[in-house]
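# Remarks on the overall topology
Residue-level listing of the chains:
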Amino acid sequence: MKTAAEYEASLRELNLNVYQFGKKVENVVDDPIIRPSMNAVAATYDCAHKPEYEDLMTATSHITGKKINRFTHIHQSTEDLVKKTKMCRLLGSITGCCFQRCVGMDAMNALSMTTFDIDAKYGTEYNKRFLAYLEFVQENDLVCDGAMTDPKGDRSLPPHKQPDPDMFLHVVEEREDGIVVRGAKAHQTGAVNSHEIIIMPTISMREEDKDYAISFALPSDAEGITYIMGRQSCDTRKLENGNIDRGNVLYGGHEALVVFEDVFVPWDRLFMYKEWDFAGQLVEQFASYHRQSYACKAGVGDVLIGATQTIAEFNGAQKASHVKDKIIEMNHLNETLFCGSVACAAEGHKEKSGTFLVNTLLANVCKQNVTRFPYEISRLAQDIAGGLMVTLPSEDDYRSPEVGKWVKKYFKGNDEVDTEDRMRMLRLIENLTLGTAAVGYLTESMHGAGSPQAQRIMISRQVNLKEKQKVAKRLCGITKDDE
Ligand SMILES: Cc1cc2nc3c(=O)[nH]c(=O)nc-3n(C[C@H](O)[C@H](O)[C@H](O)COP(=O)(O)OP(=O)(O)OC[C@H]3O[C@@H](n4cnc5c(N)ncnc54)[C@H](O)[C@@H]3O)c2cc1C
């Protein structure tokens, strides 16, 4: 397994084509806006070497029998699935943001099943190719960007009917040694912190869309791939003096638009090619794993609850009964959110390929809760924090020889607490609920792994309504036991 330092060194060897604020980023790893997101991914390496986290952060490869980072593991039991849930929460609480490595893990686990099932139907060799690729990822302890979401253009139209055919990534040329693809993937979490990019289709497809039913993996710096960094609310605070106004002084996340302008994919990196009838399965299996992964938000919730309790103490309001009750409510919501992820893992099952898949109904219930609870937890945090969370002057004002004395004097709460500590805690709450980390804690909770309606559709498909009606009819005497 790589150390965090080796991970950073390996990123420096990549030749990524990255744009930010209209300019090419020459040194991605040290860019002040991107760097905190690299630190968050590095935590996934660092923790794997800590004895106290070894059980959650590492696993035994089912291919080589070697010890590997769990982020490169294919789940071999429900115990593995539960450990994944706990690992996600652990890292959410350590970083207080999106640590970006779960999407690739979820993509690989979904592909381990779909490639197997395609081969069973069509006699192809995708699973063998995939396992060879997986071994390469495990042996080199790589970060893989899981790239599913296409730009999608007009949402009412399928891929082949889009006025611009590139709105969904597709094949434009077939060659003897591979294929050439064009298109883009939007919102890509941790894209420029990744060694590899794994492409999957974004929706179920019909035969007319078969040119879009493709899945493959490429090095992140393959020729023809361009990254355009997404903005995060308050991102340029990372360029300012000091670090108080950043909120989270250590970690962050990032997303990017990834453009594929006629990119070559060799055959041995293709895991689905025009098997349009398996696009839906890959999407659903990836989405189920990824909905489980949102246990990370319980970890970020841990940070926000800790910050809220602390600011209540710094403000001198911690003994008020409504404040105590609101903290209880925040914990209740946070643990409920976690329960769904544990439950779908514990109720997982073995698929034909041997991979363990989460219970898909419970994974969707988990994610549906995630689309709501972080918003309510944030509302309660903002309630307890007070308005200063959004009206606080800058660190430069705090340090100003002219006005600093007033910032220190008038923004003191509990006399035993430094004004600077109070400012830091308020900025952390701002960061989590309105700033850079809110991208991950709130909007990603809403849309990541599919918008809320996607889960509602899955829930409606998976619950057995007929069975529920049957038990109700029996109990009120409409039907008898022998019927
Ligand atoms: C912070 C963040 C990180 C992300 N990271 C990744 C990542 O790493 N990899 C990745 O692949 N994706 C990632 N995503 C993308 C995520 O999966 C999508 O945002 C999600 O699938 C919704 O797609 P969209 O954003 O295009 O919204 P839209 O699809 O436009 O949805 C907007 C609204 O329109 C509704 N809608 C859309 N189409 C239809 C339709 N045909 N019929 C009815 N209603 C419709 C939706 O239900 C929703 O309410 C990330 C997203 C965010 C916000």
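Residues numbered from 1 in each chain as written. Predicted model: local features only at pLDDT ≥ 70, side-chain atom pairs only at ≥ 80, totals over all residues.

## Re the site of the ligand
- Near the ligand you find 22 residues, and of these Met-148, Arg-155, His-187, Thr-189 and Glu-444 are the closest.
- For the shell around the ligand, the elements supplying multiple residues, two or more each, are strand E5 (144–147), strand E7 (178–189) and helix H16 (436–447).
- Within the shell around the ligand, the residues separate by chemical class into 5 nonpolar, 12 polar and 5 charged.
- Domain assignment of the residues forming the shell around the ligand places at least three in each of domain 1 (4–277) and domain 2 (291–474). (Near = placed C-beta within 6 Å. Helix = DSSP H or I, 4+ residues; strand = E, 2+ residues; numbered from the N terminus. Nonpolar A, V, L, I, M, F, W, Y, C, P; charged D, E, K, R; others polar. Domains from an automatic or database assignment.)

## Brief notes about the UniProt feature "domain: HpaB/PvcC/4-BUDH C-terminal" (unreviewed entry) in the protein chain
- Following the UniProt record, one finds the feature "domain: HpaB/PvcC/4-BUDH C-terminal" (unreviewed entry) at residues 279–476.
- Along residues 279–476 one finds 75% helix and 2% strand; the C-alpha atoms at either end are 44 Å apart. (UniProt positions renumbered as here; feature names shortened; annotations may be inferred.)

## Describing the UniProt feature "domain: HpaB/PvcC/4-BUDH N-terminal" (unreviewed entry) in the protein chain
- The positions that UniProt labels "domain: HpaB/PvcC/4-BUDH N-terminal" (unreviewed entry) are, in the present scheme, residues 3–272.
- For the annotated span residues 3–272, helix accounts for 29% and strand for 23% of the residues, and the straight-line distance between the end C-alpha atoms is 33 Å.

## Brief notes about the domain arrangement of the protein chain
- As far as domains go, the protein chain holds domain 1 (4–277) and domain 2 (291–474).
- Between the C-alpha centres of domain 1 and domain 2 there is a distance of 25 Å.
- Facing the 39 residues of domain 1 at the interface are 41 residues of domain 2.
- Those elements that place two or more of their residues in the side of domain 1 that touches domain 2 are helix H4 (78–95) and helix H5 (102–122). (Contact = placed C-beta atoms within 7 Å.)

## Concerning the environment of Met-389
- For Met-389, the position within the fold is in helix H12 (residues 388–391).
- Residue Met-389 is classed as buried on the basis of its 20 C-beta neighbours within 10 Å.
- Through-space distance from the C-alpha of Met-389 to that of Asn-431 is 9.6 Å; in sequence the pair is 42 residues apart.
- Once you skip the residues sitting within four places of it in the chain, Met-389 turns out to touch Gln-382, Leu-426, Ile-429 and Glu-430. (Buried ≥ 20, exposed ≤ 12 C-beta atoms within 10 Å, placed from the backbone.)

## Quick look at the packing of helix H9 (residues 321–346) against helix H10 (residues 360–370)
- Packing of H9 against H10 brings their axes to within 8 Å, and their N-to-C directions diverge by 160 degrees. Classed by the angle they form, the pair H9 and H10 counts as roughly antiparallel. You can see that H9 and H10 cross each other, and the crossing is left-handed. Packed against H9, whose contacting residues are Thr-336, Leu-337, Gly-340, Ser-341, Ala-343 and Cys-344, the element H10 presents Leu-362, Ala-363, Val-365, Cys-366, Asn-369 and Val-370 at the interface. (Axes fitted to C-alpha atoms, helices over the stretch in contact; angles between N-to-C directions. Parallel < 35°, antiparallel > 145°, perpendicular 65-115°, else oblique. Left-handed = near helix turned anticlockwise from the far one by under 90°.)

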